[in-house]
There are 2 protein chains.
Amino acid sequence: MKDVAQHAGVSTATVSRVLNGHAAPTPETRERVLAAIEELGYRPNALARSLRTTSTQTLGLVISDLLNPFFAEIARAVEDEARSHGYCVVIGNADESAEQEATYVRTLLDRRVDGLLLCPATDDPGLVREVSAGGVPLVLLDRTVRGATCPVVRADGSEALTALARRLVGAGHSRIGVIAGPPDTSTGRERSDVFTSVLGGAAQVVHGDFRQESGSQAAARLIDDGATALVAMDNLMGLGALGEIRARGLHIPHDIALAVFDDQPWFPLLDPPITVVAQPTVEMGRAAARSLLALISGQQPDDVRLTAKLVLRGSCGEAEL
Amino acid sequence: MKDVAQHAGVSTATVSRVLNGHAAPTPETRERVLAAIEELGYRPNALARSLRTTSTQTLGLVISDLLNPFFAEIARAVEDEARSHGYCVVIGNADESAEQEATYVRTLLDRRVDGLLLCPATDDPGLVREVSAGGVPLVLLDRTVRGATCPVVRADGSEALTALARRLVGAGHSRIGVIAGPPDTSTGRERSDVFTSVLGGAAQVVHGDFRQESGSQAAARLIDDGATALVAMDNLMGLGALGEIRARGLHIPHDIALAVFDDQPWFPLLDPPITVVAQPTVEMGRAAARSLLALISGQQPDDVRLTAKLVLRGSCGEAEL
DNA sequence: CATACATGTGTAATCGATTAACTACGCCCT
DNA sequence: AGGGCGTAGTTAATCGATTACACATGTATG
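None of these values were measured; they are calculated from a predicted model.

A. Looking closely at the relation of the copies chain B and chain A. For the pair chain B and chain A, the relating rotation is 180°, the translation along its axis is 0.1 Å, and the fit reaches an RMSD of 0.1 Å. Each copy turns onto its partner about a two-fold axis. Relative to the rotation axis, the closest C-alpha in chain B is found at B:Val90, a distance of 2.5 Å.

B. Representation of the protein's contact with DNA strand D. Neighbouring residues of DNA strand D: 25 residues in total, closest A:Ala13, A:Thr29, B:Met1, B:Ala13 and B:Ser16. Broken down by secondary-structure element, the contributors of at least two residues to the surface near DNA strand D are helix H2 (12-19) and helix H4 (46-53) of chain A together with helix H2 (12-19) and helix H4 (46-53) of chain B. For the surface near DNA strand D, the class distribution of residues is 11 nonpolar, 10 polar and 4 charged.

C. Structural context of the pairing of strand S6 (residues 176-180) of chain A. Residues and elements named next belong to chain A. Taking burial as the measure, the 5 residues of S6 include 5 buried ones, the bulk of the element. Across the two faces of S6 the burial is the same, with Ile176, Val178 and Ala180 and Gly177 and Ile179 all buried. Across 5 bridges, S6 lies against strand S7 (residues 203-207) in parallel orientation. The residue bridging Ile179 from the neighbouring strand is Val206, located in S7. What joins S6 to S7 is helix H9 (residues 186-199), and the crossover it makes is right-handed. With 4 bridges connecting them, S6 and strand S8 (residues 229-232) associate as parallel partners. By the bridge assignment for S8, Val178 is matched with Val231.

D. Spotlight on the protein's contact with DNA strand C. Every one of the 25 residues lining DNA strand C counts as a neighbour, but A:Met1, A:Ala13, A:Ser16, A:Ala48 and B:Thr29 are closest to it. Per-class residue counts for the surface near DNA strand C are 11 nonpolar, 10 polar and 4 charged.

E. Layout of the interface of chain B and chain A. Contacts between chain B and chain A engage 34 residues on the former and 34 residues on the latter. Those elements giving two or more residues to the side of chain B that touches chain A turn out to be H4, helix H5 (69-84), strand S2 (88-93), helix H6 (98-110) and helix H11 (235-247) of chain B. Counting residues per element, the side of chain B that touches chain A draws most heavily on H5(B), which supplies 6 residues.

F. Focus on the sheet that holds strand S2 (residues 88-93) of chain A. Residue and element names in this part refer to chain A. With parallel pairing, the 6 strands of this open sheet are ordered in space as S2-S1-S3-S4-S5-S11. Only two strands of the sheet have a single neighbouring strand rather than two, namely S2 and strand S11 (304-307). Shown here is a sheet whose adjacent strand axes are inclined to one another by a mean of 20°, direction ignored. Both strand S1 (residues 58-63) and strand S3 (residues 115-118) contribute to a ladder of 4 bridges, which runs parallel. Counterpart to Val62 in the pairing with S3 is Leu118.

G. Seen up close, unusual backbone geometry. Residues and elements named next belong to chain B. Cis geometry is adopted by the peptide bond preceding Pro253, which originates at Ile252 and carries an omega value of -5°. Within the secondary structure, Pro253 is located in the loop between H11 and strand S9 (257-261). Looking along the chain, the bond that leaves Asp271 and enters Pro272 is cis, with omega of 0°. Relative to the assigned elements, Pro272 resides in the loop between S9 and strand S10 (275-278).

H. View of helix H6 (residues 98-110) of chain A. All names here are of chain A. An ideal rise of 1.5 Å per residue puts 18 Å on 13 residues; H6 measures up with 18 Å between its terminal C-alpha atoms. Where H6 is buried, its residues meet S1, S2, S3 and helix H7 (126-133). Arg112, located one to two residues past H6, shows a positive phi value of around 60°.

I. Looking closely at the sheet that holds S2(B). All names here are of chain B. If you trace the 6 strands from one edge of the open sheet to the other, you get S2-S1-S3-S4-S5-S11, paired in parallel fashion. The open sheet has two edge strands with one neighbour each: S2 and strand S11 (304-307). Across the sheet, the axes of successive neighbouring strands diverge by a mean angle of 20°, strand direction being ignored. Packed on one face of the sheet, helix H12 (residues 281-296) meets strand S1 (58-63), strand S3 (115-118), strand S4 (138-141), strand S5 (152-156) and S11 and runs near 165° to S4.

J. Representation of the packing of helix H10 (residues 212-224) of chain A against helix H11 (residues 235-247) of chain A within the structure. Residues and elements named next belong to chain A. Where H10 meets H11, the closest approach of the two axes is 6 Å, and the angle between their N-to-C directions is 50°. Relative to H11, H10 is oriented oblique. Crossing of H10 against H11: the hand is right-handed. Where H10 approaches H11, its residues Gln212, Glu213, Ser214, Gly215, Ser216, Ala218, Ala219 and Ala220 are matched on the opposing element by Leu236, Met237, Gly238, Leu239, Gly240, Ala241, Gly243, Glu244 and Ile245. Taken together, the residues of the contact of H10 with H11 sort by class into 8 nonpolar, 7 polar and 2 charged.

K. The packing of helix H8 (residues 158-170) of chain B against helix H9 (residues 186-199) of chain B, seen in detail. Residue and element names in this part refer to chain B. Contact geometry for H8 and H9: axes closest at 9 Å, N-to-C directions at 40°. Taken together, the axes of H8 and H9 are oblique relative to one another. Crossing of H8 over H9 shows right-handed handedness. When H8 is examined against H9, the residues Ser158, Leu161, Thr162, Ala165, Arg166 and Val169 are found in contact with a partner set consisting of Arg191, Val194, Phe195, Val198 and Leu199. Its residues placed into classes, the contact of H8 with H9 shows 7 nonpolar, 2 polar and 2 charged.

L. Broad picture of the nonpolar core. Of all hydrophobic cores here, the largest spans 182 residues; its most connected members are A:Ile179 and B:Ile179. The contacts of B:Ile179, once residues within four sequence positions are left out, are B:Val206, B:Gly208, B:Gly215, B:Ala218, B:Ala219, B:Leu230, B:Val231, B:Ala232, B:Met233, B:Met237 and B:Ala241.

Criteria and thresholds
Residues numbered from 1 in each chain as written. Chains lettered and ligands numbered in written order. Predicted model: local features only at pLDDT ≥ 70, side-chain atom pairs only at ≥ 80, totals over all residues. Least-squares fit on C-alpha atoms with pLDDT ≥ 70 in both. Near = placed C-beta within 6 Å. Helix = DSSP H or I, 4+ residues; strand = E, 2+ residues; numbered from the N terminus. Nonpolar A, V, L, I, M, F, W, Y, C, P; charged D, E, K, R; others polar. Buried ≥ 20, exposed ≤ 12 C-beta atoms within 10 Å, placed from the backbone. Pairing = 2+ DSSP bridges. Right-handed = clockwise from strand over helix to strand, strands pointing away. Contact = placed C-beta atoms within 7 Å. Axes fitted to C-alpha atoms, helices over the stretch in contact; angles between N-to-C directions. Expected span 1.5 Å × (residues − 1). Parallel < 35°, antiparallel > 145°, perpendicular 65-115°, else oblique. Left-handed = near helix turned anticlockwise from the far one by under 90°. Core = buried A, V, L, I, M, F, W, Y, C linked by C-beta atoms within 7 Å.

Interpretation in functional terms is not warranted from these geometric data alone.
Structural data, given as structure tokens:
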């Protein structure tokens, strides 16, 4: 910057003003400075700028697993929205581990992200409190924690799940296996709670860990116990369940019905195509980013609850919609 | 930091020494400083540290699309490897646009990443030169550019593709449709080149853009032209091709054979399961991160060429392996 | 006993920007 | 002519760390 100033015959303050579009400099001075910048190929050091201004134009996003297409879509949407507002996103992979999540959150705070988007691994509010105590804007995404005091953006699947449960019962299923998420996550509990409260004794719940392998195992248990329909509460566990069904040579929907929470582009291509509860992932990501940006700019955004939709496709034997 | 120093009755220099594990401070002083840090809940400002040391412990990763599971897997692997060495990864989504790619690369350089991992959108070497000119360590991943002078990490699919081509011919296919990537990407060209050089006139190539929609369109064109086998050179275009095949009510492999470059967890679950050329994505990501870290630490890592493997599954009508 | 040398700590410069406070200059008005 | 004022630009403090160098103290050496 000093070089640029010297080159243009002005002080660094003037260069800074030109760079930041302040009113002061004469058009003529501005020209000279811009020419010098061009000539020297100067690019401002974002670190120095951030140190001085205490704004990094960066958002932190801590998710459970980038390999889960659901989170990948969210990450993509967050990134898009953030970029359109001049922000970068640093993504941290917590790998469904509370410890790794905490490590990442702290790293991001150390790097002074302007705000943090978090998909909490458990519903323990400790980490959330820590962030809030540090005064860093925080928005929870997809999942919440006990007694959360910050904005939460999530999808509401209760309506869709209720409709799905009724349909399964209507189709004559009396033993329905639910492959739920971990009981210490809000989504893990809520989704299966909705479902079982409609079904009563007809539902049997096995908790997985939102990963493929646990989906297979849960499916195996439930099928052994005589389930005639399976509902996986996450796409990866759904993938696992599907694998187990195929491995046993069972036919959908004749031998067993299957529905999955989260849509995937390839679900319609299976035979039969899979019935799902589709979450508006892109809207969730964008909404979360918008809420966070609002929070950063001093507003108090409300919680956002988007609704998940039941998409009937045939894997539950239902007539097409 | 000043507060901590005061609290412990030492200077900031001593605090810094304790923080950085220098030999100097007495165990007793160290204790006092650590106690003060603990008590005040002090966390060092990474920006300030980076400004002073010119090291951010951060790698930049610019990929084409986070929604493409191939890149998501790579990103995940890069992140894992980097983290295990104490580095963070900032991911940039270029969306297959050279312009957005350039914007991201510059942003990352401004933020002074210690090194950059790039999956170039085109084989134009301009951007690569720009980075190299800035003296920032750079490693190319998956794709290369013309006259690249930096380390390149990629998968070699020529053997697998050759074997696949032979098999298709052996199975009696004489009109084989190739859904290739853009001709201005190294992977777009190389993969179809290998294929056509084995097949000669039996191959018909249509270039897509590595996205689902272009896969459907290319498939439609090729099927209309009488292709009895389709090979998609990327998983998203494969997904598109599969959609087109289903939409036309064609049966695999009876009516048409299909093979895809890139494996996906759900390919084995289709009926019939899809034959693929599987790239070692995790190893690619890890190797790229390792090469970059080596470059950062002053070494001169060699190019890495991992081999992609043909996985026969039935969608080309072949006998199982 | 003076000199040298090691050791632990403090002082202050530095990284590269932003910005409050100040200066210099020209213009207008009385 | 002199005072007031607006404007363009400079000087220097600052953000929060690291680290070269200086300094003080204690111990070994000739």
